[in-house]
Amino acid sequence: MQHQPELRKVTISIMRPCEEIAWRGYLPWAEADGIVLAFPQVRKSIAAPMSPHGCWDSCGCTGDDYALRTGKQQPVVVNWIHSLVN
């Protein structure tokens, strides 16, 4: 019988705004508690959809469904999480 790797429960938090998190002390706190922080970024843009710092859309710049499963960003997160567990 093959040895099965031990499974652990992992907490993943999607963080926004992307540029402020590191200097607020979240990274050491998350690491100490075994939490994975994700800082989704997009291509920087000063035209629509506007994202001058390349941060994740949290206000609807990419469309009305930005926070829904049908939005452009959600499949990226789902695919990323699947890549971590597979």
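Residues numbered from 1 in each chain as written. Predicted model: local features only at pLDDT ≥ 70, side-chain atom pairs only at ≥ 80, totals over all residues. Heavy atoms only, no water.

Q: Quick question: what am I supposed to make of a nonpolar patch on the surface here?
A: Nonpolar side chains collect at one region of the surface, where Val10, Ile12, Ile14, Trp80, Leu84 and Val85 lie side by side and expose about 490 Å² of accessible area between them. Going through the elements one at a time, strand S1 (11-14) and helix H2 (74-85) are the ones with two or more residues in the nonpolar patch. No other element matches the 3 residues that H2 contributes to the nonpolar patch. As for its placement among the helices and strands, Ile12 is situated in strand S1. (Patch = residues over 30% accessible without salt bridge, like charges linked within 9 Å, V, L, I, M, F, W, Y side chains within 5 Å. Areas by Shrake-Rupley, 256 points an atom, 1.4 Å probe, with all protein chains shown as cover. Salt bridge = Lys/Arg side-chain N within 4 Å of Asp/Glu carboxyl O. Helix = DSSP H or I, 4+ residues; strand = E, 2+ residues; numbered from the N terminus.)

Q: Would you mind showing me how to read the environment of Gln41 here?
A: In this fold, Gln41 is placed in the loop between strand S2 (35-38) and H2. Assessed through its relative accessible area of 57%, Gln41 is described here as exposed. With 16 residues separating them in the primary sequence, Gln41 and Asp57 have C-alpha atoms 8.6 Å apart. (Buried < 20%, exposed > 50% of the residue type's maximum accessible area, 1.4 Å probe, protein only.)

Q: I keep staring at the environment of Ser45 and nothing clicks. Help me out?
A: By secondary structure assignment, the location of Ser45 is in the loop between S2 and H2. Residue classification places Ser45 among the partly exposed residues on the basis of a relative accessible area of 21%. In this view, Ser45 contacts Met50, Ser51 and Pro52; residues no more than four positions away in its chain are not counted. (Contact = heavy atoms within 4.5 Å.)

By themselves these figures say nothing about function.
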